[in-house]
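Overview (structure and organization)
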Amino acid sequence: MASIPKSKPQHKAKPATPKETFSLVSNEKLLAIYAAMVKCRMVQQRAEILFQQGKLATDLHASSGREATAAAIAIDLQPNDSLSLSADDWLPAIVKGMALESLFRALAPGSATPGDVAAPFASAMEQNNILPAGDKALRPVSIRERALAAQTAKQSSIVAAILPSNEQSLRPWHDILSAAASQRLPIVFVHYADAAELAGAVKPLRKSKNPDALFHGVPAITVDALDAVAVYRVAYEAIARARQGRGATLLECTAHAGISLPGSATEGEPSAAPLLPAVSTLEAYLKSKGIEPAQNNQQIVAAFNLELDLATRFLGP
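Residues numbered from 1 in each chain as written. Predicted model: local features only at pLDDT ≥ 70, side-chain atom pairs only at ≥ 80, totals over all residues. Heavy atoms only, no water.

1. Things to note about unusual backbone geometry
Positive phi, normally seen in glycine, also occurs at Lys-154, with a value near 55°. In this structure Lys-154 comes out as exposed when scored by relative accessible area, which is 74%. Even without glycine at this site, Ser-156 takes up a positive phi of about 65°. Mapped onto the secondary structure, Ser-156 falls in the loop between helix H6 (139–153) and strand E3 (159–162). (Buried < 20%, exposed > 50% of the residue type's maximum accessible area, 1.4 Å probe, protein only. Helix = DSSP H or I, 4+ residues; strand = E, 2+ residues; numbered from the N terminus.)

As structure tokens, then:
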């Protein structure tokens, strides 16, 4: 994980006056990202418990370890922006505003397919411009159509697309990446690099440390998947670039070789070296800025537990 920069000591004679640019994140935004991450973690924990009790047909294991990226990517999405989900990874939708009950009904037994959303809730998702994974072959087509519509409307709306996690499953996306480059489509692609790639078992998709690298003509930026601040900074820039009509960006969210992201060849194996979870990492960063997250955490947990209880009451006691 990239080390989190600490605040530089200020000269006494010249007090600092921070400027709001993409490289600096306000305290309010940091706390909003932190709240979103805590809620994502709580949703995962509740889904796991209900799955173990047999009340859900599936859990949110595909979202494990992704709360930092989900929060950082989706926190600034506007109502008119479209969000295309990867299979079984619902966390970005929660951050964008998907109703919790819709999520749990989608995971409950009786869904047409695990992850599908019942008709009434599918309508609600459509109103929020949240697109479930759906058919793998049709998904790139629908994303391109959304991006073209957004481009034509000229309302500065964008499409955020969460891509599959391994290199082979990216092959169907090569055409849309090329189209996004040639047509300057307003898309932010998000790809999770798995542990096997990082360990060298799979040839990297691109020069991972080169911010000017291109993948099918789209600028590709690598960022630590567990560092919410770093992800937010590059996501902010990518979203602004898309809104300004300057085209798409591909964010490759990676973890160290000791951490296994869902779908990786080493998923479930012990980590080579323990690393701080994403939430704890952000807590440490907040403390370094003089912000104590404990009180915020208690308030978030207390309020959100009530929301989770209401959202899951249809499953029974």
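Now, onward.
2. Some points on the pairing of strand E4 (residues 187–192)
Each regular strand shows side chains that alternate between the opposite faces of the sheet. Judged by how many residues are buried, E4 sits mostly within the fold: 6 of 6 residues are covered. Across the two faces of E4 the burial is the same, with Ile-187, Phe-189 and His-191 and Val-188, Val-190 and Tyr-192 all buried. Pairing of E3 with E4 involves 4 bridges; the strand directions are parallel. Note that in E4 the partner of Ala-161 across the bridge is Phe-189. Pairing analysis gives 5 bridges linking E4 to strand E7 (residues 249–254), with the strands arranged parallel. Within E7, the residue paired with Tyr-192 across the bridge is Cys-253. (Pairing = 2+ DSSP bridges.)

3. Describing the nonpolar core
For soluble globular proteins, nonpolar side chains are generally found buried alongside one another. Ranked by size, the top nonpolar core spans 70 residues in total, and within it Met-37, Val-43, Trp-90, Leu-103, Phe-104 and Leu-282 carry the most contacts. In terms of residue count, helix H1 (residues 27–52) provides more of this core than any other element does, 12 residues in total. What Met-37 contacts, discounting residues up to four positions off in sequence, is Glu-67, Ala-68, Ala-71, Ala-228, Ala-278, Val-279 and Leu-282. Of all hydrophobic cores here, the second largest spans 18 residues; its members include Leu-163, Trp-173, Ala-180 and Ala-248. (Core = buried A, V, L, I, M, F, W, Y, C linked by side-chain atoms within 4.5 Å. Contact = heavy atoms within 4.5 Å.)

4. Some points on the packing of aromatic side chains
Under the defined criterion, the tally for this structure stands at 1 aromatic pair. Their ring planes at 55° and their centres at 5.9 Å tell us that Tyr-232 and Tyr-236 sit as a pair that is tilted. Here Tyr-236 and Tyr-232 lie together in helix H9 (residues 228–243), a separation of 4 residues that amounts to about one turn. Against the face of Tyr-192 rests Arg-66, its NZ or CZ located 3.8 Å from the ring centre. Here the basic side chain of Arg-105 rests over the ring of Phe-314, its NZ or CZ set 4.1 Å away from the ring centre. (Phe/Tyr/Trp six-rings, centres within 6.5 Å; stacked < 30°, edge-to-face > 60°. Lys NZ or Arg CZ within 6 Å of the ring centre and 35° of its normal.)

5. A closer look at the packing of H1 against helix H10 (residues 278–288)
Axis separation between H1 and H10 bottoms out at 10 Å; the angle between their running directions is 155°. As judged from the angle between their axes, H1 and H10 are roughly antiparallel. Pair H1 / H10 crosses with left-handed handedness. In this structure, H1 uses Leu-30, Leu-31, Ile-33, Tyr-34, Met-37, Val-38 and Arg-41 to contact H10, whose residues at the interface are Ala-278, Val-279, Leu-282, Glu-283, Tyr-285 and Leu-286. Its residues assigned to classes, the contact of H1 with H10 shows 11 nonpolar, no polar and 2 charged. (Axes fitted to C-alpha atoms, helices over the stretch in contact; angles between N-to-C directions. Parallel < 35°, antiparallel > 145°, perpendicular 65-115°, else oblique. Left-handed = near helix turned anticlockwise from the far one by under 90°. Nonpolar A, V, L, I, M, F, W, Y, C, P; charged D, E, K, R; others polar.)

Just distances and angles here, no functional claims.
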